Amino acid sequence: MDGVHDMGGMDGFGKVDPEPNEPAFHQRWEGRVLAMSRAIRALGVWNIDWDRYGIELLPPHVYLTSSYYKRWFLRTVQLLVQCGLIEADEMAAGHSLRPGKGMDRGTFKLADVERVMRRGSFGRPASAPARFKIGDRVRAKNIHPTTHTRLPRYARGHVGVVERLHGAHVFPDSVVAGKGEDPQWLYTVRFDAQELWGADADPKLKVSIEAFEPYLEHV
Amino acid sequence: MDGVHDMGGMDGFGKVDPEPNEPAFHQRWEGRVLAMSRAIRALGVWNIDWDRYGIELLPPHVYLTSSYYKRWFLRTVQLLVQCGLIEADEMAAGHSLRPGKGMDRGTFKLADVERVMRRGSFGRPASAPARFKIGDRVRAKNIHPTTHTRLPRYARGHVGVVERLHGAHVFPDSVVAGKGEDPQWLYTVRFDAQELWGADADPKLKVSIEAFEPYLEHV
Amino acid sequence: MELRVRAIETILVEKGYIETAALDRIIELYETKIGPHIGAHVIAKAWSDPSFRQSLLDDASKAVGTLAQVGRVGDHLVAVENTPEVHNMVVCTLCSCYPTDVLGLPPTWYKSFAYRSRVVKEPRAVLADFGVALPAETEIRVWDSTAETRYLVVPMRPAGTEGWSEAQLATLITRDSMIGAGLPKKPREVA
Amino acid sequence: MELRVRAIETILVEKGYIETAALDRIIELYETKIGPHIGAHVIAKAWSDPSFRQSLLDDASKAVGTLAQVGRVGDHLVAVENTPEVHNMVVCTLCSCYPTDVLGLPPTWYKSFAYRSRVVKEPRAVLADFGVALPAETEIRVWDSTAETRYLVVPMRPAGTEGWSEAQLATLITRDSMIGAGLPKKPREVA
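Quick caveat: nothing in here was measured; it's all calculated off a predicted structure. (Residues numbered from 1 in each chain as written. Chains lettered and ligands numbered in written order. Predicted model: local features only at pLDDT ≥ 70, side-chain atom pairs only at ≥ 80, totals over all residues. Heavy atoms only, no water.)

Student: What's the story with the overall build of chain A in this structure? I'm lost.
Tutor: Along chain A, the regular secondary structure elements total eight helices and six strands. Counting helices and strands in the order they occur from the N terminus, chain A gives α-α-α-α-α-α-β-β-β-α-β-α-β-β. Taken along the three principal axes of its C-alpha coordinates, chain A extends 60 × 45 × 35 Å. Counting across all 219 residues of chain A, residues that qualify as buried make up 55%. Residue pairs at least 24 apart in sequence account for 64% of intrachain contacts in chain A once pairs closer than 6 positions are excluded. Of the roughly 9300 Å² of accessible surface on chain A, 51% is carried by carbon and sulfur atoms. Within chain A, the 28 negative side-chain charges are centred at a point lying 3 Å from the centre of the 30 positive side-chain charges. (Helix = DSSP H or I, 4+ residues; strand = E, 2+ residues; numbered from the N terminus. Buried < 20%, exposed > 50% of the residue type's maximum accessible area, 1.4 Å probe, protein only. Contact = heavy atoms within 4.5 Å. Areas by Shrake-Rupley, 256 points an atom, 1.4 Å probe, with all protein chains shown as cover. Lys, Arg positive; Asp, Glu negative; His and termini not counted. Charge placed at Lys NZ, Arg CZ, Asp CG, Glu CD.)

Student: Hey, could you run me through the overall build of chain C in this one?
Tutor: Looking only at helices and strands, one finds 12 helices and four strands in chain C. Counting only C-alpha atoms and orienting by the principal axes, one finds that chain C spans roughly 55 × 40 × 35 Å. In chain C, which comprises 191 residues, the share counted as buried stands at 60%. Considering only residue pairs separated by 6 or more positions, chain C has 64% of its internal contacts joining residues 24 or more positions apart. When the accessible surface of chain C is split by element, carbon and sulfur atoms take 54% of a total near 7100 Å². Between the averaged position of the 21 positive side-chain charges in chain C and that of its 24 negative side-chain charges there is a distance of 2 Å.

Student: Mind showing me how you'd approach helix α1 (residues 28–41) of chain B here?
Tutor: With 14 residues, α1 of chain B should reach 20 Å at 1.5 Å per residue; the first-to-last C-alpha distance of 20 Å fits that figure. With respect to burial, α1 of chain B is a largely interior element, 12 of its 14 residues being buried. (Expected span 1.5 Å × (residues − 1).)

Student: Would you explain the interface of chain D and chain A in this entry?
Tutor: A common way to state how big an interface is: give the accessible area lost once the parts meet. Taken together, the contact pairs 79 residues of chain D with 88 residues of chain A. Approximately 7500 Å² of surface area, both sides summed, lies buried where chain D meets chain A, with 59% of it carried by carbon and sulfur atoms. By the criterion of area lost to chain A, the three top residues of chain D are Y17, L94 and F113 of chain D, representing 10% of everything that side buries. On inspection of chain D and its partner chain A, the count reaches 10 salt bridges. The residue D202 of chain A makes a salt bridge to R124 of chain D at a minimum N-O spacing of 2.8 Å. Where chain D meets chain A, there are 49 residue pairs in polar contact (both at pLDDT 80 or more). A class-by-class count of the residues in the side of chain D that touches chain A yields 40 nonpolar, 14 polar and 25 charged. (Buried area = accessible area lost by both parts, 1.4 Å probe. Salt bridge = Lys/Arg side-chain N within 4 Å of Asp/Glu carboxyl O. Polar contact = N/O pair within 3.5 Å; in protein donor to acceptor, adjacent residues only side chain to side chain. Nonpolar A, V, L, I, M, F, W, Y, C, P; charged D, E, K, R; others polar.)

Student: Honestly, the packing of aromatic side chains in this entry has me stumped. Any pointers?
Tutor: Remark: the centre distance and the inter-plane angle together describe each pair of aromatic rings, the angle taken between the planes. All names here are of chain A. For the structure on display, the rule yields 36 aromatic pairs over all chains. The interplanar angle of 85° and the centroid separation of 5.7 Å between the aromatic rings of F212 and Y215 together place this pair among those described as edge-to-face. The ring of Y63 has R71 sitting right over it, with the charged end atom 4.7 Å from the ring centre. (Phe/Tyr/Trp six-rings, centres within 6.5 Å; stacked < 30°, edge-to-face > 60°. Lys NZ or Arg CZ within 6 Å of the ring centre and 35° of its normal.)

Student: Would you mind showing me how to read the pattern of salt bridges here?
Tutor: Pairing is possible between side chains that carry opposite charge, provided their charged atoms lie close to one another. Evaluated as defined, the whole model comprises 66 salt bridges over all chains. For R6 of chain D, the salt bridge identified is with E2 of chain D, shortest N-O distance 3.3 Å. Residue R6 of chain D and its partner E2 of chain D are both found in helix α1 (residues 2–14); the two are separated by four residues, about one turn of the helix. Judged by relative accessible area, which is 42%, R6 of chain D ranks as partly exposed. One salt-bridge network, in which partners are shared between bridges, spans D49, R52 and R119 of chain A together with E148 and R150 of chain D.

Student: Looking at this structure, I do not really get the state of the cysteines. What am I missing?
Tutor: Working definition of a disulfide: a covalent bond connecting the sulfur atoms of two cysteines. Residues and elements named next belong to chain C. This model, assessed by the stated rule, comprises zero disulfides over all chains. Free of any disulfide, C92 has its nearest cysteine sulfur in C95, 3.5 Å distant. What makes C92 buried here is its relative accessible area of 0%. (Disulfide = S-S within 2.5 Å.)

Student: Got a minute to help me understand unusual backbone geometry in this structure?
Tutor: Glycine aside, residues mostly have negative phi angles, and peptide bonds mostly take the trans form. Unusually for a residue other than glycine, D182 of chain A sits at a positive phi of about 40°. Tracing the sequence through the fold places D182 of chain A in the loop between α7 (172–176) and β4 (184–192).

Student: When you look at the nonpolar core in this model, what are you seeing that I'm missing?
Tutor: Inside soluble globular proteins, nonpolar side chains tend to come together where they are buried. Ranked by size, the top nonpolar core spans 253 residues in total, and within it F108 of chain A, F108 of chain B, L56 and Y115 of chain C together with L56 and Y115 of chain D carry the most contacts. Not counting the four nearest positions on each side in its chain, L56 of chain D is found in contact with V42, A46, A63, V64, A79 and V154 of chain D. (Core = buried A, V, L, I, M, F, W, Y, C linked by side-chain atoms within 4.5 Å.)

Student: How should the environment of R119 of chain B be read in this particular structure?
Tutor: For R119 of chain B, the position within the fold is in the loop between α6 (113–117) and β1 (123–124). Within the local environment of R119 of chain B, its side chain forms a polar contact with the side chain of E148 of chain C, the two groups lying 2.6 Å apart.

Student: Looking at this structure, I do not really get α1 of chain D. What am I missing?
Tutor: One turn of the α-helix equals 3.6 residues, which is why residues spaced by three or four share an orientation. Its 13 residues place the ends of α1 of chain D 18 Å apart at the C-alpha level, agreeing with the 18 Å of an ideal helix rising 1.5 Å per residue. Of all the positions in α1 of chain D, only V5, A7, I8, E9, I11 and L12 of chain D are classed as buried. In this structure, the buried side of α1 of chain D is in contact with α1 (28–41), α4 (68–82) and α5 (88–93) of chain A together with α2 (20–32) of chain D.

Student: Can you walk me through the environment of I27 of chain D in this structure?
Tutor: Along the polypeptide, I27 of chain D turns up in helix α2. In this structure, the C-alpha to C-alpha distance between I27 of chain D and T66 of chain D, residues 39 residues apart in sequence, is 26 Å. Those residues within four positions of I27 of chain D in sequence are excluded, and the remaining contacts are F25, G31, R32 and A35 of chain A.

Student: What am I meant to see in the pairing of strand β2 (residues 86–91) of chain D here?
Tutor: Within a regular strand, the side chains alternate between the two sheet faces. All names here are of chain D. Most of β2 sits inside the fold, with five of its six residues counted as buried. The pairing of β2 with strand β3 (residues 139–144) spans six bridges and is parallel. By the bridge assignment for β3, V86 is matched with E139. (Pairing = 2+ DSSP bridges.)

Student: How should I be thinking about the side chain of Q184 of chain B in this particular structure?
Tutor: All names here are of chain B. Counting through the fold element by element, Q184 comes out in strand β4 (residues 184–192). Judged by relative accessible area, Q184 falls into the buried class, the value being 17%. There is a polar contact of 3.2 Å between the side chain of Q184 and the side chain of D182. Among residues more than four places away in sequence, those in contact with Q184 are G167, A168, H169, F171, F212, E213 and P214.

Student: Teacher, can you tell me more about empty space enclosed by the protein here?
Tutor: Rolled over the atoms, a probe as big as a water molecule pinpoints where empty space is left. Under the defined criterion, the tally for this structure stands at eight cavities of 30 Å³ or more. Quantified by volume, the largest cavity comes out at close to 90 Å³. As for the largest cavity, its lining consists of 13 residues, of which G3, V4 and M10 of chain A together with V4 and M10 of chain B are closest to the centre. Taken together, the residues that form the lining of the largest cavity break down as nine nonpolar, one polar and three charged. As a volume, the second largest cavity reaches approximately 50 Å³. If you go around the second largest cavity, the residues you meet are R119 of chain B together with G74, D75, L77, P99, T100, D101, V102 and R150 of chain C. In terms of residue count, helix α6 (residues 100–103) of chain C provides more of the lining of the second largest cavity than any other element does, three residues in total. Of the residues in the lining of the second largest cavity, the class split is three nonpolar, two polar and four charged. (1 Å grid on protein atoms, 1.4 Å probe; cavity = no way out; pocket = protein on both sides within 12 Å on 5 of 7 lines; lining within 4 Å. Points joined across faces, edges and corners; volume = space filled by probe spheres on them.)

Student: Looking at this model, I keep getting lost on the pairing of β3 of chain D. Mind explaining?
Tutor: With respect to burial, β3 of chain D is a largely interior element, six of its six residues being buried. By the alternation rule, side chains of β3 of chain D split into E139, R141 and W143 of chain D and I140, V142 and D144 of chain D, which are all buried. Pairing between strand β5 (residues 205–212) of chain A and β3 of chain D: five bridges, direction parallel. Bridge assignment links S208 of chain A to a residue of β3 of chain D, and that residue is W143 of chain D.

As structure tokens, then:
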């Protein structure tokens, strides 16, 4: 979807403001939200793509006015309710009012923590040869999916060069469309800034995206 | 600037919700804000392009969370302060604390109202022949000015057809850059929706923009 | 907001920049004089008088200025005509440009983020929000008002209005139909 | 927020989906074990051991996994090396993808709208916000982490560190330098 989350190149957000000696969390609840999100995702009801799409679905003004972990919280609650893991009356009560649904993987326990602390693998066997090779000039398609995609708007319609090939990976667009992992070749495609932003752009800037094969076409 | 005000094609803003028998203003202050904005602009300190740019300069989260007339109000106050017509201590006091600046056109009075109720003319003599003619295929340039522009992002980089020629008009980009009216030919350029939004777009949809000549290039 | 706005108005008046009565008058005009009845008058005339219709499509500012009941309007007004083949819709994706001279102040929905964002991409879904469904084969033409030109839609004259006076016809012409977000009323709706 | 979050956690625990101790442990690990010292260890090794450096650039996940002090990290880690000609910077414009396995949780600035929006268009202005100025002739290469690949910047080894141990070198390597928003410390800064 063409949402406010797709921020590359947007003006008006002000200066970057690094915080010296920043703690892992600024408030206690932020850590709880992060940990809950990781734990719930590990239950296997939804995956990371759904987690990302859930944040994209927040109304634009909510996205822009909520802190990072508040966005996570709102997303997680929304998904919990949508998937029927909790219900609105329970949130109002602050307690469970009925038994939990049975989870195939059971309760997320202390012993499960180590597993979620290392990022999973998204590489999958390819079902076809790669259409592009390193050095190919490719155009990022001008597509505007109404659901989740990982092709940022600023790259769409623009021509770049294939720089790396990462094998076939789980394709987020398909996961969120309910079509399963649908593995696709993943490329690093490098663009000149002047191709992306016009003649006034920094002549010594190159920007790359990680592009799934369905995002690309031969020039 | 590539701001949130440039909304064409953005997803996530929900349904359109028409209000039956809508009043001109929902609250008294809205009318005062509109009238003040019109009256102040008529003082000649800034023009409509500055008024628009002033709203674009609101922080994105303020833009998205403020009502229409609240955005006008915030913009007008900002411009009044920037131009030195009022000062912060006066806003705090709710009263003028020093004499007003002399205005070339004097106080905006009842007798001046009729003049501002009819839109002004933005047509100007052209300084050169038009580069494009009706029927020409043209590309909206991929430009990303950091200040005010009237070329929406969704059209940039795309090819359309010149459909109408409106004469030379005041060029907003130049006005706000402090370069004066700098009149430029103004065209209506029509795009197929599939050119703008990709192959999945409505095949029976065409969208036009009003494009100043510097926005366009021959295909 | 009421207090904040009042404070600014007070300062501006005290400094001699503006006169309260002038603001009152602007508001009064928008509340009582300048509204979609002007556009409806123009459209009814175009429906009734083929030569006026042609003048309107050729140069709307000039044509409207010839109507005694309207008088001079701003330059750069453009009238675009709906036909069985093409339905026109007007938007300003960048702000809220609108033909105020002939329609008054824009309704809230016209200024809404939802309308501004969606109509250039999915106008049929937007029309559905207005309860309007057009045939799939009808072309939709959206005019994004990105400059000082202002667009007025000339809707199609409804069937069953043969012999109606301009005043009668004007009762069919809604504000939304002159923006392209609606259709004129049917004769039985005003009977 | 504290109360709202606590309510949800209570419900999830009562329903048997999650265990409180598991959440405590995740937080503890991020607060005490998983942080930029891991990345600094990797970079110091790369600065000291040319064959490790090459392995790291060839396949960072595999190379990092060979370090006894780090152990296995997630797949798809990619190391990109700064040179006098090219300065690398990492961003996730769409959300907040970050090489957590080697750097811990991303700092707030990395997740900020300002960084996400600006670095792909005006990285030199962003670097200025960090107090970093690069020569105009240095190419800037921005890596937008739009998939599950994760980028780690290998900064340039500062001059004047000849003969330093890996442990000494690691003290020069800041988190920001491994994202590309900063440079390593100079030897005199840690003296």
